[in-house]
Amino acid sequence: MGDDSDEGNATSFLWWMGPTLGDQFPDLRGETQDTKHFSLHQYLGDSWGIVFMHPSDFTPVCTTELGAAQSIMDEFEVRNVKICGFSCDDIQSHRQWLGDIQIQRSTGQKIIFPLFCDPTRMHTIELGVFDPALKDQDGLPLTFSYQSLSSIREKLSL
């Protein structure tokens, strides 16, 4: 755990590594681009799920990755897999980013899966998906790129 100078901020949680294989994947509850009352477990239901974690909206690789995931959504549906995006930005940023993803893909496809918002970094810290050296202008840690696959019972697996 961090020393006294770190107490009360995100870096004091460096000891927290987040869920590991076989652990219950936390129920992300909060806002997406479409709702203020999202629950990952409720959204997944009996499906498998992939959560794409991204440090920020509008990053080139993340934009391409989410667009590519949307373009093969039929393949995910056949396999009973639901997709969820995740970044540290807020609803307004997510909504703007969706337009950028659509333009970048040049397909006119709209992202139909939820993009979870974590502007306070509460879930980023809970999941242990941050680099303490990578911070935004407010000093909050940014999520690093990470994908997880949760099984039907919301257990973390590969």
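Above this text you will find the structure in question.
If you're wondering where the values come from, they're calculated on a predicted model, not measured in any experiment. (Residues numbered from 1 in each chain as written. Predicted model: local features only at pLDDT ≥ 70, side-chain atom pairs only at ≥ 80, totals over all residues. Heavy atoms only, no water.)

### Comments concerning the pattern of salt bridges
For the structure on display, the rule yields three salt bridges. Arg-29 is the salt-bridge partner of Asp-27, the closest N and O atoms lying 2.9 Å from each other. The closest approach of N and O atoms between Glu-31 and Lys-36, which form a salt bridge, is 3.7 Å. Given the relative accessible area of 27%, Glu-31 is considered partly exposed. (Salt bridge = Lys/Arg side-chain N within 4 Å of Asp/Glu carboxyl O. Buried < 20%, exposed > 50% of the residue type's maximum accessible area, 1.4 Å probe, protein only.)

### Details of the packing of aromatic side chains
Within this structure, the stated rule accounts for three aromatic pairs. Ring centres of Phe-38 and Tyr-43 lie 5.6 Å apart, and the angle between their planes is 50°; on these two criteria the pair is classed as tilted. Taking the centre distance of 5.6 Å and the plane angle of 15° together, the rings of Phe-86 and Phe-116 count as stacked. Taken together, the positions of Phe-86 in strand S4 (residues 81-87) and Phe-116 in strand S5 (residues 115-117) put the pair 30 residues apart, joining distant regions of the chain. Taken as a pair, Phe-86 and Phe-116 share a single burial class, namely buried. By way of ring pairs, the aromatic residues Phe-38, Tyr-43, Phe-86 and Phe-116 are connected into one cluster. The ring of Tyr-43 is capped by Lys-82, whose NZ or CZ atom sits 5.2 Å from the centre of that ring. (Phe/Tyr/Trp six-rings, centres within 6.5 Å; stacked < 30°, edge-to-face > 60°. Helix = DSSP H or I, 4+ residues; strand = E, 2+ residues; numbered from the N terminus. Lys NZ or Arg CZ within 6 Å of the ring centre and 35° of its normal.)

### Digging into the nonpolar core
Core analysis: the biggest nonpolar cluster contains 15 residues, and Leu-66, Phe-76, Ile-83 and Phe-113 have the highest contact counts within it. Contributing elements (two or more residues each) for this core: strand S3 (48-54), helix H2 (60-71), helix H3 (73-78), S4 and helix H4 (91-105). The contacts of Phe-76, once residues within four sequence positions are left out, are Ile-50, Ala-69, Val-81 and Ile-83. Judged by nonpolar contacts, the second largest core, of twelve residues, contains Met-53, Cys-84, Phe-86 and Leu-127. (Core = buried A, V, L, I, M, F, W, Y, C linked by side-chain atoms within 4.5 Å. Contact = heavy atoms within 4.5 Å.)

Remember, this is a structural readout, not a statement about activity or role.
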